[in-house]
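Examining the three-dimensional arrangement
Each chain is listed here by its residues.
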Amino acid sequence: METDEKWVYTPWGYAMFLYQDSLKATVKLHWGGLGYLNPSSLTSSIHFSIKLFSASRDTLEYQWEITQDFSLLYSLIQKQFSLTPKTELSIYYIKGKLIKILPSDCPLNLKLKNNIKFLGIIKTSITSDDAKNSQNLEAFRL
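Residues numbered from 1 in each chain as written. Predicted model: local features only at pLDDT ≥ 70, side-chain atom pairs only at ≥ 80, totals over all residues. Heavy atoms only, no water.

In the annotation of an unreviewed UniProt entry, the chain is listed under the name Ubiquitin-like domain-containing protein and assigned to Stentor coeruleus.

Attention now moves to the overall build of the chain. Within the chain, the secondary structure is distributed over two helices and nine strands. Counting from the amino terminus, helix and strand elements in the chain follow one another as β-β-β-β-β-β-α-β-β-α-β. Taken across its 142 residues, the chain has 34% of its residues classed as buried. Put simply, the chain shows about 9400 Å² of open surface, and 52% of that area lies on carbon and sulfur atoms. (Helix = DSSP H or I, 4+ residues; strand = E, 2+ residues; numbered from the N terminus. Buried < 20%, exposed > 50% of the residue type's maximum accessible area, 1.4 Å probe, protein only. Areas by Shrake-Rupley, 256 points an atom, 1.4 Å probe, with all protein chains shown as cover.)

Further remarks concern the pattern of salt bridges. In a structure, side chains of opposite charge can pair up when their charged atoms sit close to one another. With the rule as written, the count across this model stands at one salt bridge. In this structure, the salt-bridge partner of Asp 21 is Lys 24, at a minimum N-O distance of 3.8 Å. When its relative accessible area of 39% is taken as the criterion, Asp 21 is described as partly exposed. Taking relative accessible area as the criterion, Lys 24 reaches 35% and is therefore assigned partly exposed. (Salt bridge = Lys/Arg side-chain N within 4 Å of Asp/Glu carboxyl O.)

Structure, rendered in structure tokens:
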């Protein structure tokens, strides 16, 4: 998300940073109105975790810039787990229903809160050759 505006995350949600003096920062909150906060309560990133449903059931932790899209996140996970091109990675946010997180999304656009949890699912396509398989196909882990 490219913009000249400086967006920050506050205890009250997302806000556009307006100005700051030695004692307070002034922000325009995304839901309307002005906020006057201690500058130390403003941040340009959020923390989140992803519980991956794969063989290892890993939980990954990230500190993510609020205006950075998730394409890098998808790349990092694919590289870390050596996922092949036939492997599909899907990341979801659970908010009453499953909301798929796309690589083009960013925390600011989705208004994600700090310390949220995502669900990651790794799916692999399997092609079977009946001539090479035994009568019983055994389960295996990725």
